[in-house]
Amino acid sequence: MTIPPVPGSEPARELAATGKALAQQVIKEIGKVVVGMEGVTRQLLIAMLASGHVLLEGVPGVAKTTLAKAFSKLLGCEFSRVQFTPDLLPSDVTGTSIFDRKTNDFILRKGPIFCQVLLADEINRAPAKTQSALLEAMQEYQVTVEGTTLQLPRPFLVLATQNPVEQEGVYRLPEAQLDRFLLRIEMSYPGHDAEVRMLQVHSHPIIELEPVFTPDIIWNMQMKLSNVYGKDELLHYIVSLAEESRKHPDVMLGASPRAALCLLRCARARAVLEGRHYFTHEDVQEVALGVLGHRIILRPEAEVEGRHVGDVVAELLDAVPVLEET
C-alpha cells in the first residue's frame, strides 16, 4: 500500500532525520560485544525513545546482563547495577538515613536507584517488598525515603533481567509491577552462525565502547516523540486491539488503557528508528507483542492447553481490521 504524503512538524522531521542514523550506529557498536541481537537492540532503543523501562527475559547465558551493560555504556548516562538477591532490602535500593556524629543529625544516603540507567539484575530473585521499591521510581520518576520525596535525574531507564525457567529461590513479579515495564523482550539463543561469530569476537581483547548518546540528546529526543504524526484511524486501530484483547475467549485480563498508550508511544518510536516522522499500522503491529505480551493474562485452562500469549497477540492482529488510509 502506498502511503500518501503526511503532515509533520519540524521537530518530528528533525527527530526522524537523526533517529535512524543513531540507531544504526548503536546496533553496529553493540554487535562488537553481543552478536546476533540486532532485534533486541532495536527494542531497547524503542523503549529509550518512548521513556519506558525494559524487562529482559531469557535463560542463563544468553548475554542479558552483557547486553544491558553495553547498551547503558552507549547511552552515556550515569549507570548503576543492583544484583537482586533474596536478602536485598528496599533501603538497599532507595537509600536510607544514617546518623552523622559530626553534625549530630541524620543525613540521607542515597541508594543506587539515584542514577539515569539502573540495571536490576535477576529482579525476580528479590521478594515483592523489595521489588516494589522500584514502582514509584518507574512510574513517577521520584523516590520517597522515610517521608522525604526526591526527584530522580532524567532521563531515567530501568533495565531488568529475569530467568523464566528457574523456579527455586525466585519470586514471581506481580502484575502491577509488570505493567510498569513498557516492553518485555524475550532473548533466545542467537543461532549457529551468530554463535560462531560470537566465538570469533570473544577471541580478541574486550572492546571498550564509547558513548553514542548524551543525557541531553536522549531527553530532547524523548520530548519530540509526541510530534510524530499518526492519523486518527491509527488511534482507533490501537484502541480496537486493546478492546479485542478484553473479549478474547482465552484471556482472563486484557490490555488496559495504559497498554494502549504504550502501543502508541512504541509505534512512534519505531517509526523514528526507521527514519520516518509518521507511524503506520505496521509500526503498531511490530511492537504489539513486546507491549501486550506481559500485560495480557491467559485463563488457566488456556495455559493447560498449551496456549501462549504470543499466539493470542497474533490472533488479535488478525481479528482487528486495518483501515485503509485515505
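Now for a description of the structure that goes with this document.

Quick notes on the rules
Residues numbered from 1 in each chain as written. Predicted model: local features only at pLDDT ≥ 70, side-chain atom pairs only at ≥ 80, totals over all residues. Heavy atoms only, no water. Core = buried A, V, L, I, M, F, W, Y, C linked by side-chain atoms within 4.5 Å. Buried < 20%, exposed > 50% of the residue type's maximum accessible area, 1.4 Å probe, protein only. Helix = DSSP H or I, 4+ residues; strand = E, 2+ residues; numbered from the N terminus. Polar contact = N/O pair within 3.5 Å; in protein donor to acceptor, adjacent residues only side chain to side chain. Pairing = 2+ DSSP bridges. Axes fitted to C-alpha atoms, helices over the stretch in contact; angles between N-to-C directions. Parallel < 35°, antiparallel > 145°, perpendicular 65-115°, else oblique. Left-handed = near helix turned anticlockwise from the far one by under 90°. Contact = heavy atoms within 4.5 Å. Nonpolar A, V, L, I, M, F, W, Y, C, P; charged D, E, K, R; others polar. Salt bridge = Lys/Arg side-chain N within 4 Å of Asp/Glu carboxyl O.

### Notes on the nonpolar core
So, step 1. In this structure, Phe71, Leu75, Leu159 and Phe213 are the most contacted members of the largest nonpolar core, which totals 72 residues.
So, step 2. At 11 residues, the largest contribution of residues to this core is made by helix α11 (residues 257–273).
So, step 3. Val82, Leu88, Ile113 and Ala137 belong to the second largest nonpolar core, which has 26 residues in total.

### Considerations on the side chain of His294
So, step 1. With respect to the helices, strands and loops of the structure, His294 is situated in the loop between α12 (281–292) and β11 (297–298).
So, step 2. For His294, a relative accessible area of 7% gives the class buried.
So, step 3. Separated by 3.4 Å, the side chain of His294 and the backbone oxygen of Leu178 make a polar contact.
So, step 4. Reaching out from His294, the side chain makes a polar contact with the backbone oxygen of Gly290 at a distance of 3.4 Å.

### Considerations on the pairing of strand β5 (residues 117–121)
A regular strand carries its side chains on alternate faces of the sheet.
So, step 1. Burial runs high along β5: five of the five residues are buried.
So, step 2. Side chains Val117, Leu119 and Asp121 of β5 all project onto a buried face; the interleaved residues Leu118 and Ala120 project onto the opposite face, where all are buried too.
So, step 3. The sheet contact formed by strand β2 (residues 79–83) and β5 spans five bridges and is parallel. Residue pairing across strands places Val82 opposite Ala120, the latter belonging to β5.
So, step 4. By the bridge criterion, four bridges tie β5 to strand β8 (residues 157–162) in an arrangement that is parallel. Bridge assignment links Leu119 to a residue of β8, and that residue is Leu159.

### Some words on the packing of α12 against helix α14 (residues 309–319)
So, step 1. Contact pair α12 / α14: the axes reach a minimum separation of 10 Å and the direction vectors enclose 140°. On the basis of the axis angle, α12 is oblique to α14. For α12 against α14, the interelement crossing comes out right-handed. Only Gly310, Val313 and Leu317 of α14 make contact with α12, whose side of the interface consists of Gln285, Ala288, Leu289 and Leu292.
So, step 2. Taken together, the residues of the contact of α12 with α14 break down into five nonpolar, two polar and no charged.

### Concerning the pairing of strand β4 (residues 105–110)
So, step 1. Here β4 lies mainly on the outside; zero of its six residues are buried.
So, step 2. Examined bridge by bridge, strand β3 (residues 95–100) and β4 share six bridges and lie antiparallel to one another. In the strand pairing of β4, Phe99 is matched with Phe106.
So, step 3. Counted between consecutive antiparallel strands, the loop separating β3 from β4 contains four residues, among which Asn104 sits at a positive phi close to 55°.

### Looking at the pattern of salt bridges
Pairs can form between side chains of opposite charge whenever their charged atoms are close.
So, step 1. Taken as a whole and judged by the stated rule, the model has 15 salt bridges.
So, step 2. Across the pair Asp121 and Arg81 runs a salt bridge, and its minimum N-O distance is 2.7 Å. Of this pair, Asp121 sits in strand β5 while Arg81 sits in strand β2, and the two are 40 residues apart along the sequence.
So, step 3. Classification of Asp121 as buried rests on a relative accessible area of 3%.
So, step 4. Asp179 serves as the salt-bridge partner of Arg258, at 2.5 Å between the closest nitrogen and oxygen. Here Arg258 is found in helix α11, whereas its partner Asp179 is found in the loop between α7 (175–178) and β9 (183–186), with 79 residues between them in sequence.
So, step 5. By relative accessible area, which is 17% here, Asp179 ends up buried.
So, step 6. The network of salt bridges with shared partners includes Arg270, Arg276, Glu282 and Asp283.

So, to be careful, I would describe these as geometric facts and stop short of saying anything about function.
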